[in-house]
Amino acid sequence: MADAVQRLHNHQLKPGEDVKETDGRLQVSGQVAVMTINGLLAKIIFDKNPNREFYIEESFPLDWMYPYLEPHGLIMKINRQPPSELSDEIIRRDHDYWRNR
């Protein structure tokens, strides 16, 4: 909620993100706003579980994930560190996966 208030005050809300502050109360609605909250919750869960691998089927963009993602079949793997590049092996596996589909 603090993130939403800061972006509201700085006029940095995303298109479709509906955030209102009335009498000190915050109201968040709309798909973009709700998914932004979901993205922040996913980040907390990811950070609190450093010994687990994470994968996502992404139907809505979660901005913080982009640098960490690599293809893993129908889904994406969330790496702990942003890869500097996708290796030839990752590209080959992904190409093979989709060619076989």
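Description of the structure in this document.

1. Here's the deal with the environment of arginine 93
Link 1 in the chain: Mapped onto the elements of the fold, arginine 93 is located in helix H3 (residues 88-100).
Link 2 in the chain: On the accessibility criterion, arginine 93 (39% relative accessible area) is partly exposed.
Link 3 in the chain: Each C-alpha atom of the pair arginine 93 and glycine 73 lies 8.3 Å from the other, and the pair is 20 residues apart in sequence.

2. Examining the packing of aromatic side chains
Link 1 in the chain: Tallying each qualifying case throughout the model produces four aromatic pairs.
Link 2 in the chain: For the ring pair phenylalanine 46 and tryptophan 64, a centre distance of 5.5 Å and an interplane angle of 50° mean the geometry is tilted. With phenylalanine 46 in helix H2 (residues 31-48) and tryptophan 64 in the loop between strand S3 (54-56) and strand S4 (69-72), this pair connects stretches of sequence that are 18 residues apart.
Link 3 in the chain: Note on tryptophan 64 and tyrosine 68: the rings are 6.1 Å apart at their centroids and 55° apart in plane angle, and the pair reads as tilted. A single burial state applies to tryptophan 64 and to tyrosine 68, both of which are buried.

The rules behind these values
Residues numbered from 1 in each chain as written. Predicted model: local features only at pLDDT ≥ 70, side-chain atom pairs only at ≥ 80, totals over all residues. Heavy atoms only, no water. Helix = DSSP H or I, 4+ residues; strand = E, 2+ residues; numbered from the N terminus. Buried < 20%, exposed > 50% of the residue type's maximum accessible area, 1.4 Å probe, protein only. Phe/Tyr/Trp six-rings, centres within 6.5 Å; stacked < 30°, edge-to-face > 60°.

The values are spatial; any link to function lies outside them.
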